[in-house]
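What follows is the residue order along each chain.
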Amino acid sequence: LPLILGELRQSTPHLRVDVDMANSMAIARRVADFEIDMGLIEGPCHLPELSAEPWLIDELLIVAGQRHPLALKQQVTLDDLRTAEWLLREPGSGTREEVERLLLLHLHDLAETRQIGSSEAIKHTLAQGIGISCLSRWVVRDLLASEVLVGLPHALPALTRRFFLIRHRDKYISPGLERFWENCSQFVSHEFLFLFIKQVRATKTICFRNLSTSHIV
């Protein structure tokens, strides 16, 4: 996001972008109520009045603190994963919806779960040796690099999810909103995409408002 905003500042210095963060359900509801112009969400959109455009693909990793018993195993079994204590985001989070969808497809049940309200809080709880979780690689990259967290070796297929750009189908598309939407869409194929994801991965869904200016040609 900072790279997109920085590029916009260079090309369209008078464009004002206000940024808020919440979970996917809350952002979708605010877009539907015309409270905000558009949103970036971490999972599918379920409101028919909204238009959703597929955006980035994110890799999810099953991780634990380096002191967790499963971190000491050379191979974690499906039964290990089923019976582990899982730390998950709150209901309404796109991350939680996608993680549950992907995990339950293979594990069918999670015996014990705890709810924690942000990915940052989850990863720092994991660092204390409490529970396991499934988080974006970019959220946990720093603690993986320092070996505070470890990726658990398992037999599940690669876990990925899709981000979406959303806006109301009846929303008036101002020049500023159109410009910002196009910049987000085009950024997927930008040569700095890898850098963007590595440096900027947000812990919550992002929304935008006041995407307007009288100076855009």
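Residues numbered from 1 in each chain as written. Predicted model: local features only at pLDDT ≥ 70, side-chain atom pairs only at ≥ 80, totals over all residues. Heavy atoms only, no water.

Asker: Where do I start with unusual backbone geometry in this structure?
Answerer: Phi is mostly negative for residues that are not glycine, and the peptide bonds are mostly trans. Positive phi is not limited to glycine here, since Phe34 has a value of about 60 degrees. Looking at the element boundaries, Phe34 is found in the loop between helix H2 (24-32) and strand E2 (38-41). Using a relative accessible area of 43% as the deciding quantity, one classes Phe34 as partly exposed. Positioned with a positive phi, Glu147 is a non-glycine residue whose angle comes to about 65 degrees. Tracing the backbone shows Glu147 in the loop between helix H6 (137-145) and strand E7 (149-151). (Helix = DSSP H or I, 4+ residues; strand = E, 2+ residues; numbered from the N terminus. Buried < 20%, exposed > 50% of the residue type's maximum accessible area, 1.4 Å probe, protein only.)

Asker: What's the story with the nonpolar core in this structure? I'm lost.
Answerer: Where a protein is soluble and globular, its nonpolar side chains tend to be buried together. Core analysis: the largest hydrophobic core is formed by 19 residues, its most contacted members being Ile62, Leu81, Trp86, Leu103, Ile132 and Cys134. Put simply, the parts of the chain that give this core at least two residues each are strand E3 (50-65), strand E4 (85-88), helix H4 (94-107) and strand E6 (132-136). Residue contributions to this core peak at four residues, all from H4. If we skip the residues at most four places from it in the chain, Ile132 touches Ile62, Val63, Ala64, His68, Leu70, Leu81, Ala84, Glu85, Trp86, Leu87, Leu126 and Leu152. Core analysis: the second largest hydrophobic core is formed by 14 residues, Trp55, Phe163, Leu177 and Cys184 among them. (Core = buried A, V, L, I, M, F, W, Y, C linked by side-chain atoms within 4.5 Å. Contact = heavy atoms within 4.5 Å.)

Asker: Explanation requested: the pattern of salt bridges in the structure shown.
Answerer: Close approach of charged atoms allows side chains with opposite charge to pair. Under the counting rule described, the total for this entry stands at 15 salt bridges. Here Arg30 and Glu35 are joined by a salt bridge, their closest N and O atoms 3.3 Å apart. Residue Arg30 is classed as partly exposed on the basis of its relative accessible area of 25%. For Glu35, a relative accessible area of 47% corresponds to the partly exposed category. Close ionic contact of Glu98 with Arg101 constitutes a salt bridge, the shortest N to O distance being 2.9 Å. With a gap of three residues between them, Glu98 and Arg101 both fall in helix H4, about one helical turn apart. (Salt bridge = Lys/Arg side-chain N within 4 Å of Asp/Glu carboxyl O.)

By themselves, these observations are geometric and do not establish any function.
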